[in-house]
Amino acid sequence: MIDLDSTKKLLINLRHRKDRLEESKKECSKFFNTEFIVVEGIRNKETPLVGIAESHQKCIQIAKDENLDYVIIMEDDIMFTSIRARKYADLALTKMPAEWDILSGGFFEGSRKKFNEFWSKAEGFYGAHFLIVNKTAYDKILSFDKSCHIDAWMAKNLTCYCTNKMFTVQRDGMSDNSKKHRHWLGFIRKFDVLK
């Protein structure tokens with residue numbers, strides 16, 4: 001079983017988004033009993049999806065260099081949906097599948113196949129704001145050519161599971177990716193969100 005507090009936690013933050021870093025610190029202090037490490041995100045103004053992919057690959061390289069069995073990667077717009085989020089996540093991790101590359105506490109898209117009361121195998125997902133990445137996926141992710149959104153690529157090329165109830169979402173706000181204000185909280189109504 002994965003212990004969330006003893007697992008290394010990396011939070012991607014673009015240097016100019018100090019507002020998001022402060023919000024993330026508050027959110028994570030509600031969920032984790034231990035600190036996380038801030039990893040400076042890579043900004044690509046012309047093609048934001050490349051910067052996002054490179055930022056995730058930077059985190060994976062850290063995990064690989066440190067020979068970690070798995071790592072938690074978060075983006076700086078993370079928000080936990082409920083005061084029960086930690087209890088739910090801990091319980092879900094006692095029932096996790098034996099073979100996996102990615103465990104996500106957030107959005108899925110496309111078809112999914114229910115694995116048990118906590119997890120479904122996702123044929124598609126997006127929103128890489130909270131991922132637990134297994135070492136089985138490190139080399140694959142590092143070889144990703146950044147030709148599409150990294151979360152969409154992961155869903156097609158890795159063994160990904162999402163929790164049946166979302167316990168993390170993306171905070172509403174200005175997106176450096178789409179360059180517009182995103183209203184995620186309205187969008188998530190179509191999902192089964194932990195309350």
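Everything here concerns the structure above.
A few points on the structure. On a predicted model such as this, the values are computed, not experimentally measured, just so you know. (Residues numbered from 1 in each chain as written. Predicted model: local features only at pLDDT ≥ 70, side-chain atom pairs only at ≥ 80, totals over all residues. Heavy atoms only, no water.)

1. Focus on the overall build of the chain
Reasoning step 1: Check the secondary structure of the chain and you find six helices and twelve strands.
Reasoning step 2: For the chain, with 195 residues in total, the buried portion stands at 52%.
Reasoning step 3: Sequence separation of 24 or more characterises 77% of the internal contacts of the chain that already satisfy a separation of 6 or more.
Reasoning step 4: Accessible surface, the chain: about 9,700 Å² in total, of which carbon and sulfur atoms supply 50%. (Helix = DSSP H or I, 4+ residues; strand = E, 2+ residues; numbered from the N terminus. Buried < 20%, exposed > 50% of the residue type's maximum accessible area, 1.4 Å probe, protein only. Contact = heavy atoms within 4.5 Å. Areas by Shrake-Rupley, 256 points an atom, 1.4 Å probe, with all protein chains shown as cover.)

2. Details of the pattern of salt bridges
Reasoning step 1: Scanning the entire structure with this criterion turns up twelve salt bridges.
Reasoning step 2: In this structure, lysine 8 and glutamate 66 form a salt bridge, with 2.6 Å as the shortest nitrogen-oxygen distance. One end of the pair, lysine 8, is in the segment before β1 (9-13); the other, glutamate 66, is in the loop between α2 (48-65) and β3 (70-75), with 58 residues separating them in the sequence.
Reasoning step 3: For glutamate 66, a relative accessible area of 39% puts it in the partly exposed group.
Reasoning step 4: Notably, a salt bridge pairs arginine 20 with aspartate 76, separated by 3.0 Å at the nearest N-O pair. Of this pair, arginine 20 sits in helix α1 (residues 18-31) while aspartate 76 sits in the loop between β3 and β4 (78-80), placing them 56 residues apart in sequence. For the residue pair arginine 20 and aspartate 76, the accessibility class agrees, reading buried in each case. (Salt bridge = Lys/Arg side-chain N within 4 Å of Asp/Glu carboxyl O.)

3. Quick look at empty space enclosed by the protein
Reasoning step 1: In total, this model carries one cavity of 30 Å³ or more according to the counting rule given.
Reasoning step 2: Estimated volume of the largest cavity: approximately 60 Å³.
Reasoning step 3: Around the largest cavity, the lining residues are Leu4, Ala89, Ala92, Leu93, Leu103, Ser104, Gly105, Trp119, Phe130, Ile132, Thr163 and Phe167.
Reasoning step 4: Looking at the lining of the largest cavity, the elements that each hand over two or more residues are α3 (85-93), β5 (102-104) and β8 (130-134).
Reasoning step 5: When grouped by side-chain class, the residues that make up the lining of the largest cavity number nine nonpolar, three polar and no charged. (1 Å grid on protein atoms, 1.4 Å probe; cavity = no way out; pocket = protein on both sides within 12 Å on 5 of 7 lines; lining within 4 Å. Points joined across faces, edges and corners; volume = space filled by probe spheres on them. Nonpolar A, V, L, I, M, F, W, Y, C, P; charged D, E, K, R; others polar.)

4. A closer look at the packing of aromatic side chains
We describe a pair of aromatic rings using the distance from one ring centre to the other and the angle between the two ring planes.
Reasoning step 1: In total, this model carries twelve aromatic pairs according to the counting rule given.
Reasoning step 2: For the ring pair phenylalanine 31 and phenylalanine 167, a centre distance of 5.9 Å and an interplane angle of 5 degrees mean the geometry is stacked. Of this pair, phenylalanine 31 sits in helix α1 while phenylalanine 167 sits in the loop between β9 (160-163) and β10 (168-170), and the two are 136 residues apart along the sequence. There is no split in this pair, since phenylalanine 31 and phenylalanine 167 are both buried.
Reasoning step 3: Both rings, one in phenylalanine 32 and one in phenylalanine 80, keep their centres 6.4 Å apart while their planes meet at 85 degrees; by these two values the pair is edge-to-face. Here phenylalanine 32 is found in the loop between α1 and β2 (37-40), whereas its partner phenylalanine 80 is found in strand β4, with 48 residues between them in sequence. (Phe/Tyr/Trp six-rings, centres within 6.5 Å; stacked < 30°, edge-to-face > 60°.)

5. A few points about unusual backbone geometry
Reasoning step 1: Even without glycine at this site, asparagine 67 takes up a positive phi of about 55 degrees.
Reasoning step 2: Checked against the element boundaries, asparagine 67 lands in the loop between α2 and β3.
Reasoning step 3: The phi dihedral of lysine 146 falls on the positive side, at around 65 degrees, and the residue is not glycine.
Reasoning step 4: Residue position: lysine 146 is located in the loop between α4 (138-142) and α5 (150-157).

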